[in-house]
Amino acid sequence: MNRRRLLKATAGFAVLGLAMPRTAFADAALRRAATGAANAAEFGLTPNAAQNQTAALQALLERASAESIPIFLPPGRYRLSSLVLPRQARLVGVPGATRLEQDDLGSLLTGREGNHLALSGLAFDGRLMPPSGSGGGLLDIDGTLHLSIEACTFANSGGNGLSLRRAQGNIRDCAITDITDYALYALDSSGLDIIENTVSDCGNGGILIHRSALGADGSRISGNRIARIRADRGGTGQYGNGINAYRADNVRVSDNEIADCAFSAIRGNSAGNLQISGNTCLRSGETALYAEFAFQGAVISGNLVDGAAHGISMANFDKGGRLCACTGNIIRNLSEDGPYPSPMAGFGIGINVEADSTVTGNIIENAPLAGIRMGWGPFLRSVTASGNVIRKAKTGIIVSVVEGSGAAVISGNVFEDTPNGAVVGHRWAEPATGDLLKSGIEAIPHLTLAGNRAD
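What you are looking at is a predicted structure, and each value in this text was computed from that prediction instead of being measured.

1. Describing the side chain of N256
Take N256: it is sitting in the loop between β20 (252-254) and β21 (257-261). Overall, N256 belongs to the buried group, its relative accessible area being 2%. From its side chain, N256 meets the backbone oxygen of S254 in a polar contact 3.0 Å long. Among residues more than four places away in sequence, those in contact with N256 are I221, S222, G223, N224, I243, G278, N279 and T280.

Structure below.
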């Protein structure tokens, strides 16, 4: 660190009444700042001061920004309100000990059109104060080329935890908890990595990757632990999801553990080229894994779903939803109870699929309505279900036999304990055939059945 340059840049602090004498504590804190950061306690910031310290910290950040010098905040509480970050801001604290408390309505920290923003080891406490505008968060950023947020905590927000627009960078090893609205709302990102964070106890959503219009996003959400996501605003799936991608293409969601969400653990709405792999999804209130509406392209593989109203749904061919590979998932212990009355003959289905898709090598157990449902009315085209194991399902596979349904192949599946039949044709919600493994397949030209076994 070039301390002389910073001292020169911060000349005049004494005139502003922001200087403080050197103390043994300040000397010790400076020695702990091994990153070469300037110690804020030497330039007007007082840990645990009763007064608001926004002006002092903002002045220091602006002067340090010109020299690209990080600022170190020693342990303690700092009361702030609507601090505006400069284009380059690097703020470092001691994890679990440097606390930034919201002192008025609005956001704690805001930034616009930033170049570099790095935050590390800071604890944000919103004290449940509401944001000054819609969509605000404890951290409210619009336009950042290089974002790095590590080892921070965000708690007790009256709005969102983090609100990001047009951001690129990473959020890693953070904890976001006790949030009134969304833990992390990211709009129009350009490659955002959200890695190994803990998210819990949020009012309306966990991690949201949204876009203003359909387009490439490229965000990666991996290794996070997400729990207890409510849907305080109600609805039928707009809220209450652990991870939600909306109109965002090329998003990858992998290796997360997600439990106790009011609706979906992972929900993609009109999100093309969506990859969902290796996630553990426990006790979802509605559909655990969802690709819906105008999506094209989804890979859902190697996930474990234990407890949900539906397991996996790849739906809305009527809206253009198509092109899925659903492979190697374990789905078990589904429920007939959902968060609203079902418009499609009830809950309790392992996998729903409609168009241009393959459902292969999955294991489904304890599905009170059906293991797999292929199509809904005429919305069925080019679907295969092969090599799946379906146990303890009221019906093994339901397949649409409504006029206008497209081709479907059901082969090499193993069924056990399916009292209403292994494969049954339906017209919408109602059964229209007996068990097609036993007879009747000849009269349904769009279906091919081969090599299945029912015990």
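On we go.
2. Let's talk about the nonpolar core
Residues L109, L119, F124, I149, M314 and M374 are the most contacted members of the largest nonpolar core, which totals 99 residues. For F124, the residues in contact, after removing those within four places along its chain, are L100, L108, L109, L119, L138, C152, T153, F154 and A155.

3. A word on the pairing of strand β34 (residues 381-386)
Where strand β32 (residues 355-360) lies against β34, five bridges are found, and the strand directions are parallel. By the bridge assignment for β34, A355 is matched with R381. Both β34 and strand β36 (residues 408-411) contribute to a ladder of four bridges, which runs parallel. When the sheet's bridge partners are listed, A385 is paired in β36 with I410.

4. A look at the environment of G218
The topology assignment puts G218 in the loop between β16 (205-216) and β17 (220-222). Between the C-alpha atom of G218 and that of S189, which follows or precedes it by 29 residues, the distance is 7.9 Å.

5. Examining a nonpolar patch on the surface
A cluster of nonpolar side chains, L304, I330 and I363, forms an exposed patch at the surface whose accessible area comes to about 210 Å². Structurally, the position occupied by I363 is in strand β33 (residues 363-374).

6. Regarding the confidence of the model for the protein chain
Scored by pLDDT, the protein chain comes out at a mean of 92, with 91% of its residues at no less than 70. Overall, residues 1-34 carries pLDDT values under 50, and its contacts beyond four positions in sequence, including any with other chains, amount to 48 contacts.

7. Quick notes on the pattern of salt bridges
Following the criterion strictly, the structure yields 24 salt bridges and no others. Put simply, R99 and D125 hold a salt bridge, and the shortest N to O gap is 3.2 Å. On the criterion of sequence distance, the pair formed by R99 in strand β6 (residues 98-102) and D125 in strand β8 (residues 123-125) is long-range, its members being 26 residues apart. The buried category is assigned to D125, whose relative accessible area is 10%. A salt bridge links R225 to E257, with the nearest nitrogen and oxygen atoms 3.5 Å apart. Placement of the pair is R225 in strand β18 (residues 225-229) and E257 in strand β21, with a sequence separation of 32 residues. The exposure class assigned to R225 is exposed, which follows from its relative accessible area of 52%. The exposure class assigned to E257 is partly exposed, which follows from its relative accessible area of 37%.

The rules we used
For every chain, the first residue of the written sequence is number 1, and numbering continues from 1 onward in sequence order. Residues qualify for local features only when their pLDDT is at least 70, as the model is predicted, and side-chain atom pairs are given and counted only at 80 or more; totals for whole chains, interfaces and linings, by contrast, use all residues. Excluding hydrogens and water, the side-chain values take into account all heavy atoms of the structure. In this text, helices come from DSSP runs of H or I with a minimum length of four residues, and strands from runs of E with a minimum of two, each type numbered from the N-terminal end. A 1.4 Å probe rolled over the protein chains alone gives each residue an accessible area, and that area as a share of the maximum for its type sets the label: buried under 20%, exposed over 50%, partly exposed in between. We define a polar contact as two N or O atoms separated by no more than 3.5 Å, with the added condition that, inside protein, one atom must be a possible hydrogen donor and the other a possible acceptor, whereas residues neighbouring each other in sequence contribute only through side-chain atom pairs. Here, residues are in contact when the closest pair of their heavy atoms is within 4.5 Å. Buried Ala, Val, Leu, Ile, Met, Phe, Trp, Tyr and Cys residues that are joined via side-chain atoms within 4.5 Å together make up what is termed a nonpolar core. By definition, two strands form a pair when at least two bridges between them are found by DSSP. A patch consists of residues whose relative accessible area exceeds 30% and which take part in no salt bridge; residues with like charges are grouped when within 9 Å of each other, and nonpolar side chains (Val, Leu, Ile, Met, Phe, Trp, Tyr) when within 5 Å. Accessible surface is estimated by sampling points in the Shrake-Rupley manner with a 1.4 Å probe; for residues, cover comes only from the protein chains shown. Salt-bridge detection follows one rule: a side-chain nitrogen of Lys or Arg within 4 Å of a carboxyl oxygen of Asp or Glu. Each residue carries a pLDDT score, the predictor's own confidence in it, on a scale running from 0 to 100.

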